[in-house]
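# A structural walkthrough
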Amino acid sequence: MPPALLSIRDLGKHFGGFHALKGVSLEVEHGEFIALLGPSGCGKTTLLRCIAGFLAPDSGDIRIAGDSVTRLPPHRRPLNTVFQNYALFPHMSVLDNVAYGPRRHGVPRAEAAERAAEALQLVGLEALGARHPRELSGGQQQRVALARAVVNRPKLLLLDEPLSALDMKLRKRMQIELKHLQEKLGIAFVFVTHDQEEAMSMADRIVVMNRGLIEQVGSGTAIYATPATRFVAEFIGEANLLPGAPDGAGGLRLAFGTGAVPYHGPHPGADARQNHTGVLRPEHLELLDRPDAPGFLTERGVVEDVINTGGQTLVMVRVGDALLASRRLGMPGDGLNRGAPVVVGFRPEHLHVVTGEAPP
Amino acid sequence: MIARVVLRIVAWAVMAYLILPLVVIVGASLTATSYLAFPPQGLTLAWYGRMLADTSYVAAFGTSTALALAATAGAVLLALPAALAIARHDFPGKRTLLSLLMSPLVLPHVVLGAALLQYCAALGLMRSFAALLVGHVVIVTPFVLRSVLPQLTPEQRALEEASADLGAGPFETFLLVVLPQIRGGLTSGAIFAFISSWINVELSIFNTTAELTTIPVKLFNYVQYTIDPVIAAVSSITIAVAAVTIVLLDLTVGLHVLSNRR
Amino acid sequence: MTAVLTTTAMPPAATAPTALRRALPLLAAPVAFFVAFFAVPMVVVLSSSLAAGGAPSLANYARVLLDQYHWDVLAVTFRIAALTTLAVTLLGYPLAYYLVRVVSSNALRRSCVILLLLPLFTSNIVRSFGWMILLGRNGLVNDTLVGIGLLERPVRFLGTEMGIVIGLVYILLPFIVLAVGNALATVDPTLEEASADLGASPFTTFWTVTFPLCLPGLIAGVIMVFTLAASAYVTPALLSGGKITVFPMLIFQQYSTVFDVHYGGALSITLLVFTLVLVALAGRIGNGGGDRS
């Protein structure tokens, strides 16, 4: 088997007393679109800067196509980066910015300009080569940064929150364009973002990071449907958390309203010392018309809030001590007012159990 | 790597070059010999005693200090309203005015000193404290203007509008909102103004007399005839004033020069 | 040392006359003062220089410009200024780069800044005096050079152009270090990272990204240093030992001893014009070189 395009082994990095990376391992295959997702301070940008070579890790190894690059300076690494603030050279024209990479690799001036023009064409900016970066809009600068980073046809492109400076509409459009470009060029992308929707809609695999560690690696579907940890469950989408306790017979009892739900499905680590939490997505918690609906586990509750988010309705229901969220398509129906008594329930197969304690 | 080492050596050599003459002066002021010797031979504070006994040095220190303080005050009084007008109003001729106010920075001081000598002679002010003062105000005003102007930003303007909106008059707004915000720039500008006046020779020399003289001019006239450890002692005092001023600058507004804005 | 003056956004509604009317109360004092004690005195010098024997005349300028001696002094003055500027740049740039980019400890950088400001806050006369001690026949420099065998016997520094340049370089060095250093500090480090990312070695990154981006700061510093070196009076006067004359000395003589305001005025204006022309030329060359990519 040929080596992975990018292989990271046990990477550690600390700044003074702060451990930004605590032993991170990851493999990226050719042509893959990987999103590094996590809250600020989780280590995703540190990881990216270690791969690019702007930071030297304290421990661990980074290999590209089997060769270790851990000790190589950035300019010797076979990859390119799109920076968060684009980092376009303000004293050069757009064309010179894009031609900069080929020129540094010894390509003659004329040919470098030709390649730069091609790269600009790829992002639809072939007409703006003579301008200076400051004369471009944010979206155009973003495209120039992209053209500059792909002009050398690297096998691996690193993107550090490249869309974060754009407004919502432009951002959505660029997400699609970026995805198409990635498929067209066949370059592997490692894309840092703190926006889960962005990660979900673009990436083949999402790497969820928290406090310098990888919590879970998987497709968007997988991390949403079967989060590995309570952190992932809460960070990706919304979740109702049901605190669990071992039932002494290898199963669990999950608190739901006044009672407890027995759970004998698969769950990580049957160790009695570990705490478990049931995760139930709001769309799986339904408002029912009777407490004995077949196939459902039900409880009685009281409506606390009804939020219409346009096309979807979120109903917050007080069940015992817990405030649970139920989401459904459509407008809120009649009679669904604050204080109204309701029956809520879910199908047991929608329950997913993770390790980690639910918040009190 | 070799480049790094060479860079480090050059940098430290240049730093040494910058400090050496000052160390030599302070060292020479402590010598027990009656001629300047560095390294000093024996240690004594006798030359400082000799300096204090000479009332003309004490008087020159007094003149210098009074002149520098008055020039700084004058510069602040002129530069503050000018900065406000330039930052807040788009009047015709603004660029020309700014160039006029900043040009003493590049104009040869010898030329300006000569001009003021001739002009003050015509006004009957020749070689007076007033003649010295107006010249010093002219050359130090740009320092205050230059450090205050960048602090009057558009964001700053929103605060002023908020203050007016809440019922404060222009003067109250200036005192309660503008002044606290530009205090840093004003302080560093005033300190640069003070020190530029304090160390000036080339402008002062035209309008000083044997009785009315500043410390740098007195030193200049003295050094051309004799060199003795008293001169080194007087010079050391001015170096100490410079050091105190820098510490003051660091403590009040901080030395932000050369620091990365990250 | 030269800060960029930013003028800020204006209230859009105010028309030019209204703006002037509002600004006038603020401007009255500074404008009156600068006109009275700066503009008018300069005009007086100019008009004196254009008069001889009570009538308008160019005779003073003829006397300055037709005398080979003045050209010789101008040549010495600007040669010293040019050498000083060159030496200051070659010594100051590495120090600025070192302080901003290499020194990682804030405490060390701060100490260096204090040491850099200390000479700047000390009078030219005191600093030149230090060099008089150092450069004397039996001064530390000669002693050291003879001691380590670089020289066979003491060299005369005082009274040579070399001595004046050493003194002026010393005095003007902090200006260029601060100008270049502040320009370097504002260069966005991610631009250099981007350059490295695209395959440029640190050396190439410096010449293609860092250097062009702080060129405006360097030019501003160079112009400042050149102007100050050409108009310096104290340092050359002390280190020349009466053997070398620079242009500002001629001006000083005319006003302080001869008191010939007509001839002195012409000398003043000549120095001013030559300095401004050379500065404008330097600015032009600098800007021409700034377009490289």
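With an unreviewed UniProt entry as reference, chain B is termed ABC transporter permease, source organism Azospirillum doebereinerae. What the UniProt record of chain B gives under Sequence similarities (unreviewed entry) is the line "Belongs to the binding-protein-dependent transport system permease family."

As recorded in an unreviewed UniProt entry, chain A goes by the name ABC transporter ATP-binding protein, listed as coming from Azospirillum doebereinerae.

## Digging into the overall build of chain A
Across its full length, chain A holds eight helices and 20 strands. Principal-axis analysis of the C-alpha atoms places the extent of chain A at approximately 75 × 45 × 40 Å. Here chain A holds 360 residues, and the buried ones make up 49% of them. At a minimum sequence separation of 6, the contacts of chain A that also span at least 24 residues come to 66%. Per element, the accessible surface of chain A, about 16500 Å² overall, is 52% carbon and sulfur. Charge-centre separation for chain A: the mean point of 38 positive side chains lies 7 Å from the mean point of 38 negative side chains.

## Remarks on unusual backbone geometry
Residue and element names in this part refer to chain A. A positive phi is found at Asp-10, a non-glycine position, where the angle reads about 55°. Mapped onto the fold, Asp-10 is located in strand S1 (residues 6–15). One non-glycine residue, Glu-161, lies in positive phi territory at about 40°. Here Glu-161 shows up in the loop between strand S7 (156–160) and helix H5 (168–185).

## Points about the sheet that holds strand S12 (residues 252–256) of chain A
Residues and elements named next belong to chain A. The strand order across the open sheet formed by five strands is S13-S12-S11-S14-S20, and the pairing between neighbours is antiparallel. Two strands in the sheet have a free side with no partner beyond their single neighbour: strand S13 (259–263) and strand S20 (352–355). For this sheet, the mean angle separating the axes of adjacent strands, direction not counted, is 35°. Relative to S13, S12 is paired through five bridges, and the arrangement is antiparallel. The residue bridging Phe-256 from the neighbouring strand is Gly-259, located in S13.

## Observations concerning the interface of chain C and chain B
Opposite the 95 residues of chain C that make contact, chain B presents 95 residues. For the pair chain C and chain B, the summed buried surface comes to about 9100 Å²; carbon and sulfur atoms form 80% of the total. Contact with chain B buries surface across chain C, with Phe34(C), Phe121(C) and Phe129(C) losing the most and accounting together for 9% of the total. Seen at the junction of chain C and chain B, the total is one salt bridge. In this structure, Asp250(B) engages Arg110(C) in a salt bridge whose closest nitrogen and oxygen atoms are separated by 2.8 Å. Our count for the chain C to chain B interface comes out at ten residue pairs in polar contact (both at pLDDT 80 or more). It is helix H1 (residues 16–49) of chain C that contributes the most residues to the side of chain C that touches chain B, 21 residues altogether. Of the residues that constitute the side of chain C that touches chain B, the class distribution is 75 nonpolar, 15 polar and five charged.

## What about the packing of aromatic side chains?
Applying the stated rule across the entire model yields 31 aromatic pairs over all chains. Residues Phe206(B) and Tyr255(C) carry aromatic rings whose centres are separated by 6.4 Å and whose planes lie at 90° to one another, so their mutual orientation is edge-to-face. Of the two residues, Phe206(B) sits in helix H9 (residues 204–207) while Tyr255(C) sits in helix H11 (residues 247–258), which places them in two different chains. Each member of the pair, Phe206(B) together with Tyr255(C), is buried. Ring geometry for Phe33(C) and Phe37(C): centres 5.0 Å apart, planes at 50°, overall tilted. In this pair, Phe33(C) and Phe37(C) are both assigned in helix H1, four residues apart and thus about one turn of the helix distant. Of the two residues, Phe33(C) and Phe37(C), both sit in the buried class. One aromatic cluster is present, built from ring pairs that chain together Phe206(B), Phe220(B), Tyr233(C), Phe252(C) and Tyr255(C). Here Arg104(A) stacks its cationic end above the ring of Tyr100(A), 4.5 Å away from the centre of that ring. Lying over the aromatic face of Tyr224(A), Arg281(A) brings its terminal NZ or CZ to 4.1 Å of the ring centre.

## Quick word on the UniProt feature "transmembrane region" (unreviewed entry) in chain B
Residues and elements named next belong to chain B. Within this numbering scheme, the UniProt entry marks residues 12–38, 58–85, 97–117, 129–149 and 230–258 as carrying the feature "transmembrane region" (unreviewed entry). Within the segment residues 97–117, helix and strand shares are 71% and 0% respectively, and the terminal C-alpha atoms sit 24 Å apart. From the first C-alpha to the last, residues 129–149 spans 30 Å; its make-up is 95% helix and 0% strand.

## Some words on the UniProt feature "domain: ABC transmembrane type-1" (unreviewed entry) in chain B
According to UniProt, the feature "domain: ABC transmembrane type-1" (unreviewed entry) maps to residues 61–252 of chain B in the numbering used here. As a span, residues 61–252 of chain B carries 78% helix and 0% strand, and end to end its C-alpha atoms are 24 Å apart.

## Topic: the nonpolar core
Nonpolar side chains tend toward joint burial in soluble globular proteins. The biggest cluster of nonpolar side chains holds 181 residues, and the ones touching the most others in it are Leu112(B), Phe220(B), Leu95(C), Phe121(C), Tyr233(C), Phe247(C) and Ile251(C). Per-element accounting of this core gives the leading share, 17 residues, to helix H7 (residues 161–186) of chain C. Grouped together as the second largest cluster of nonpolar side chains are 44 residues, Tyr86(A), Val123(A), Phe189(A) and Ile206(A) included.

## Some points on the UniProt feature "domain: ABC transporter" (unreviewed entry) in chain A
UniProt feature "domain: ABC transporter" (unreviewed entry): in the numbering of this structure it lies at residues 6–236 of chain A. Within the segment residues 6–236 of chain A, helix and strand shares are 36% and 26% respectively, and the terminal C-alpha atoms sit 26 Å apart.

## Re the side chain of Thr31(B)
Residues and elements named next belong to chain B. By the secondary structure assignment, Thr-31 is in the loop between helix H1 (2–28) and helix H2 (46–53). Overall, Thr-31 belongs to the buried group, its relative accessible area being 0%. The residues touching Thr-31, leaving out its near neighbours within four places in the chain, are Ala-37, Pro-40, Gln-41, Gly-42, Thr-44, Trp-47 and Pro-229.

## Side note on the confidence of the model for chain B
Regions with low pLDDT should not have their predicted coordinates read in detail. With 97% of its residues at a pLDDT of 70 or more, chain B shows a mean pLDDT of 85. Across the interface, the model reports ipTM at 0.85; the global pTM reads 0.79.

## Comments concerning helix H4 (residues 138–150) of chain A
Three- or four-residue spacings in an α-helix give side chains the same orientation, since the helix completes a turn every 3.6 residues. Here H4(A) contains 13 residues, and its C-alpha end-to-end distance of 19 Å stays within 8% of the 18 Å for a straight helix at 1.5 Å per residue. Counted residue by residue, H4(A) has ten buried out of 13 residues, so it is predominantly covered. Turning to H4(A), its buried residues are Gly139(A), Gln142(A), Arg143(A), Val144(A), Ala145(A), Leu146(A), Ala147(A), Arg148(A), Ala149(A) and Val150(A). Those residues of H4(A) that are buried are in contact with strand S6 (80–82), helix H2 (94–104), helix H3 (109–122), S7 and H5 of chain A together with helix H8 (189–197) of chain C.

## A look at the packing of helix H3 (residues 55–88) of chain B against helix H6 (residues 129–148) of chain B
All names here are of chain B. Viewed as axis vectors pointing N to C, H3 and H6 meet at an angle of 50°, and their least axial separation amounts to 7 Å. By the angle between their directions, the pair H3 and H6 is classed as oblique. For H3 against H6, the interelement crossing comes out right-handed. Grouping the constituent residues of the contact of H3 with H6 by class yields 19 nonpolar, four polar and no charged.

## Section: the pattern of salt bridges
All names here are of chain A. Evaluation of the coordinates by the stated rule reveals 26 salt bridges over all chains. Between Arg-205 and Glu-32 there is a salt bridge whose closest N-O contact spans 2.5 Å. Of the two residues, Arg-205 is situated in strand S9 (residues 205–210) and Glu-32 in the loop between strand S2 (18–28) and strand S3 (33–37); the sequence distance between them amounts to 173 residues. We classify Arg-205 as partly exposed; its relative accessible area is 24%. Here Glu-304 makes a salt bridge to Arg-318, at a shortest N to O gap of 3.1 Å. Residue Glu-304 is found in strand S16 (residues 297–308), and its partner Arg-318 is found in strand S17 (residues 312–319); the two are separated by 14 residues along the sequence. Within the structure, one salt-bridge network assembled from shared partners comprises Arg-143, Arg-173 and Glu-177.

## As for the pairing of strand S18 (residues 322–329) of chain A
Residues in a regular strand project their side chains so that they alternate between the two faces of the sheet. Residue and element names in this part refer to chain A. As paired strands, S17 and S18 are joined by eight bridges and run antiparallel to one another. Counterpart to Thr-313 in the pairing with S18 is Arg-328. What sits between the antiparallel neighbours S17 and S18 is a turn of two residues, in which Gly-320 has the positive phi angle 60°.

## Quick word on the sheet that holds S9(A)
Think of a sheet as strands paired side by side through backbone hydrogen bonds, with each pair either parallel or antiparallel. Residues and elements named next belong to chain A. As summarised here, the arrangement of the six strands in space is S6-S7-S8-S3-S9-S10, forming an open sheet in which the pairing is mixed. The sheet is open, and its two borders are formed by S6 and strand S10 (213–218), each paired with just one other strand. Adjacent strand axes in the sheet meet at a mean angle of 20°, parallel and antiparallel pairs treated alike. As judged from the four bridges shared by S3 and S9, these two strands associate in the parallel manner. When the bridges of S9 are listed, Ala-35 appears paired with Ile-206. Most of the contacts of H4 go to S6, to which it runs at about 175°, and overall it touches S6 and S7. This element, H5, spans S3, S7 and strand S8 (188–193) of the sheet and lies at about 155° to S8.

Conventions adopted
- Residues numbered from 1 in each chain as written.
- Chains lettered and ligands numbered in written order.
- Predicted model: local features only at pLDDT ≥ 70, side-chain atom pairs only at ≥ 80, totals over all residues.
- Heavy atoms only, no water.
- UniProt positions renumbered as here; feature names shortened; annotations may be inferred.
- Helix = DSSP H or I, 4+ residues; strand = E, 2+ residues; numbered from the N terminus.
- Buried < 20%, exposed > 50% of the residue type's maximum accessible area, 1.4 Å probe, protein only.
- Contact = heavy atoms within 4.5 Å.
- Areas by Shrake-Rupley, 256 points an atom, 1.4 Å probe, with all protein chains shown as cover.
- Lys, Arg positive; Asp, Glu negative; His and termini not counted.
- Charge placed at Lys NZ, Arg CZ, Asp CG, Glu CD.
- Pairing = 2+ DSSP bridges.
- Axes fitted to C-alpha atoms, helices over the stretch in contact; angles between N-to-C directions.
- Buried area = accessible area lost by both parts, 1.4 Å probe.
- Salt bridge = Lys/Arg side-chain N within 4 Å of Asp/Glu carboxyl O.
- Polar contact = N/O pair within 3.5 Å; in protein donor to acceptor, adjacent residues only side chain to side chain.
- Nonpolar A, V, L, I, M, F, W, Y, C, P; charged D, E, K, R; others polar.
- Phe/Tyr/Trp six-rings, centres within 6.5 Å; stacked < 30°, edge-to-face > 60°.
- Lys NZ or Arg CZ within 6 Å of the ring centre and 35° of its normal.
- Core = buried A, V, L, I, M, F, W, Y, C linked by side-chain atoms within 4.5 Å.
- pLDDT = per-residue confidence, 0-100.
- Expected span 1.5 Å × (residues − 1).
- Parallel < 35°, antiparallel > 145°, perpendicular 65-115°, else oblique.
- Left-handed = near helix turned anticlockwise from the far one by under 90°.

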